Amino acid sequence: MVMHSCSPYTLFLPSSIVTIGAFDGVHLGHQALIRKVVERAKTFGIPAVVYTFDPPPRCYFQKVPMLTPPDEKLKRLKHLKVDYAILARFDEAYLSRSAESFIEELQMLNPVEIWVGRDFRFGRNRAGGLDELSAVFNVKTIDPICCNCGETISSTRIRSLIAAGRLEEARELLGNMKD
Ligand SMILES: Cc1cc2nc3c(=O)[nH]c(=O)nc-3n(C[C@H](O)[C@H](O)[C@H](O)COP(=O)(O)O)c2cc1C
Ligand SMILES: Nc1ncnc2c1ncn2[C@@H]1O[C@H](COP(=O)(O)OP(=O)(O)OP(=O)(O)O)[C@@H](O)[C@H]1O
């Protein structure tokens, strides 16, 4: 896996399959999305790209604890057979960018498909959503992955389980990455 630390506009790919997100924890929901991207990339014979942020936006804005530091996140992405991981430094300069500027950066990856979950938002003040992204790219979505109890798996939920001392349940939702 190639790790790309992003300053904007530095990675060019002639074609790719892309997913974007915080991916804090690389939990079972994230894993399903990323596996889909890897599978589609294999079908097309082109690279699978994960565009992610360091720190995750929620850790930056809401000061919540990080589930996986960058090294651990990258290890998990590598295990999932991602070809390129773009790790954008999420700081003041980065987040002053507009949704349009973010779209220009994504265009450098020439994505054949961009895969995200239904609740995906991007850009300043989370102003961009699926409609804005679909206006420019071929956007595909996966259904939310839920746990046995029927609740959608999310990094927020895993943080709550950890805070409540329910570590075994948290660990289950994070998955052991061995299969
Ligand atoms: C250029 C840029 C600016 C952003 N600015 C904000 C922001 O002002 N407030 C916010 O909550 N998230 C901001 N984000 C984070 C995104 O809204 C979102 O969290 C990120 O794209 C990851 O998607 P996800 O939360 O679905 O994983 C920004 C993202 C980008 C790419
Ligand atoms: N359970 C899930 N099933 C399917 N897709 C998911 C799931 N959880 C997250 N995703 C998708 O993964 C990408 C990254 O999402 P993100 O990292 O914001 O996940 P999250 O777990 O919802 O985080 P948080 O709880 O901090 O908002 C997004 O496209 C999102 O829609």
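As recorded in an unreviewed UniProt entry, the chain goes by the name FAD synthase, listed as coming from Geobacillus proteiniphilus. Turning to the chain, the UniProt annotation filed under Pathway (unreviewed entry) states: "Cofactor biosynthesis; FAD biosynthesis; FAD from FMN: step 1/1."

Chemist: What's the story with the overall build of the chain in this structure? I'm lost.
Modeler: A count of helical and extended segments in the chain gives 8 helices and 6 strands. Across the chain, helices and strands are ordered from the amino to the carboxyl terminus as β-β-α-β-α-α-β-α-α-β-α-β-α-α. Projected onto its principal axes, the C-alpha coordinates of the chain cover approximately 45 × 35 × 30 Å. Put simply, 75% of the contacts in the chain that link residues at least 6 apart link residues at least 24 apart. Entry remark: accessible area of the chain is about 9400 Å², with carbon and sulfur atoms responsible for 52%. For the chain, the separation between the mean place of its 23 positive charges and that of its 21 negative charges on side chains is 3 Å.

Chemist: Quick question: what am I supposed to make of the site of ligand 2 here?
Modeler: Neighbouring ligand 2 are 23 residues, the closest being Arg58, Asp119, Ile145, Ser155 and Thr156. For ligand 2, an oxygen atom lies 2.9 Å from a polar atom in the side chain of His30. Between Gly117 and ligand 2, the recorded distance is 2.8 Å, taken from a backbone N or O atom to an oxygen atom. Isolated, ligand 2 exposes 600 Å² of accessible area, and the fraction of that covered by the protein chains is 89%.

Chemist: Looking at this structure, I do not really get the packing of aromatic side chains. What am I missing?
Modeler: Each aromatic ring pair is summarised here by two numbers: the centre-to-centre distance and the angle between the ring planes. What the rule picks out here adds up to 10 aromatic pairs. Their ring planes at 75° and their centres at 5.9 Å tell us that Phe61 and Phe90 sit as a pair that is edge-to-face. Of the two residues, Phe61 sits in helix α2 (residues 57–62) while Phe90 sits in the loop between β4 (84–89) and α4 (92–95), which places them 29 residues apart along the sequence. Take Phe90: its relative accessible area is 9%, and that puts it in the buried class.

Chemist: How should the site of ligand 1 be read in this particular structure?
Modeler: In the region of ligand 1, 17 residues are neighbours, and Ala22, Arg121, Gly123, Asn125 and Arg126 sit closest. Contacts to ligand 1 include Ala22, whose backbone N or O atom sits 2.8 Å from an oxygen atom. Within the side chain of Arg126, a nitrogen or oxygen atom sits 3.0 Å from an oxygen atom of ligand 1. Considered on its own, ligand 1 offers 620 Å² of accessible surface; in the complex 88% of this is hidden by protein. Judged by the proximity of its atoms to the pocket grid, ligand 1 belongs to the largest pocket.

Chemist: Could you clarify how one ought to interpret the nonpolar core in this entry?
Modeler: Side chains that are nonpolar tend, in soluble globular proteins, to be buried together. Counting residues in each nonpolar core, the largest one holds 23 residues, and the members touching the most others are Ile20, Tyr51, Leu106, Leu109, Ile114 and Leu133. For this core, the secondary-structure elements that each account for two or more residues are β2 (16–20), β3 (48–54), β4, α5 (99–107) and β5 (111–117). Considering every element that reaches this core, the biggest residue donor is α5, with 4 residues. When near neighbours in sequence (up to four residues on either side) are disregarded, Ile20 contacts Tyr51, Phe53, Phe102, Leu106, Ile114, Trp115, Val116, Phe120 and Leu133. Within the second largest apolar cluster, 20 residues are counted, among which are Ile17, Phe23, Leu77 and Met177.

Chemist: Please clarify how the UniProt feature "domain: FAD synthetase" (unreviewed entry) in the chain should be interpreted in this entry.
Modeler: If you check UniProt for "domain: FAD synthetase" (unreviewed entry), the listed places come out as residues 15–157 in our numbering. As annotated, residues 15–157 has a helix share of 38% and a strand share of 20%, and its two end C-alpha atoms lie 35 Å apart.

Chemist: Please explain helix α3 (residues 70–79) as it appears in this structure.
Modeler: Turning to α3, its buried residues number three or more, namely Lys73, Leu74, Arg76 and Leu77. End-on view of α3: buried residues confined to an arc of 160°, all on one side of the axis. In α3, those exposed residues whose orientation departs by more than 90 degrees from the buried face are Asp71, Lys75 and Lys78. At the C-terminal side of α3, Lys81 shows a positive phi close to 70°.

What counts and how
- Residues numbered from 1 in each chain as written.
- Chains lettered and ligands numbered in written order.
- Predicted model: local features only at pLDDT ≥ 70, side-chain atom pairs only at ≥ 80, totals over all residues.
- Heavy atoms only, no water.
- UniProt positions renumbered as here; feature names shortened; annotations may be inferred.
- Helix = DSSP H or I, 4+ residues; strand = E, 2+ residues; numbered from the N terminus.
- Contact = heavy atoms within 4.5 Å.
- Areas by Shrake-Rupley, 256 points an atom, 1.4 Å probe, with all protein chains shown as cover.
- Lys, Arg positive; Asp, Glu negative; His and termini not counted.
- Charge placed at Lys NZ, Arg CZ, Asp CG, Glu CD.
- Near = heavy atom within 4 Å.
- Polar contact = N/O pair within 3.5 Å; in protein donor to acceptor, adjacent residues only side chain to side chain.
- Phe/Tyr/Trp six-rings, centres within 6.5 Å; stacked < 30°, edge-to-face > 60°.
- Buried < 20%, exposed > 50% of the residue type's maximum accessible area, 1.4 Å probe, protein only.
- 1 Å grid on protein atoms, 1.4 Å probe; cavity = no way out; pocket = protein on both sides within 12 Å on 5 of 7 lines; lining within 4 Å.
- Sits in = over half its atoms within 2 Å of the grid points.
- Core = buried A, V, L, I, M, F, W, Y, C linked by side-chain atoms within 4.5 Å.
- Arc of directions from axis to C-beta.

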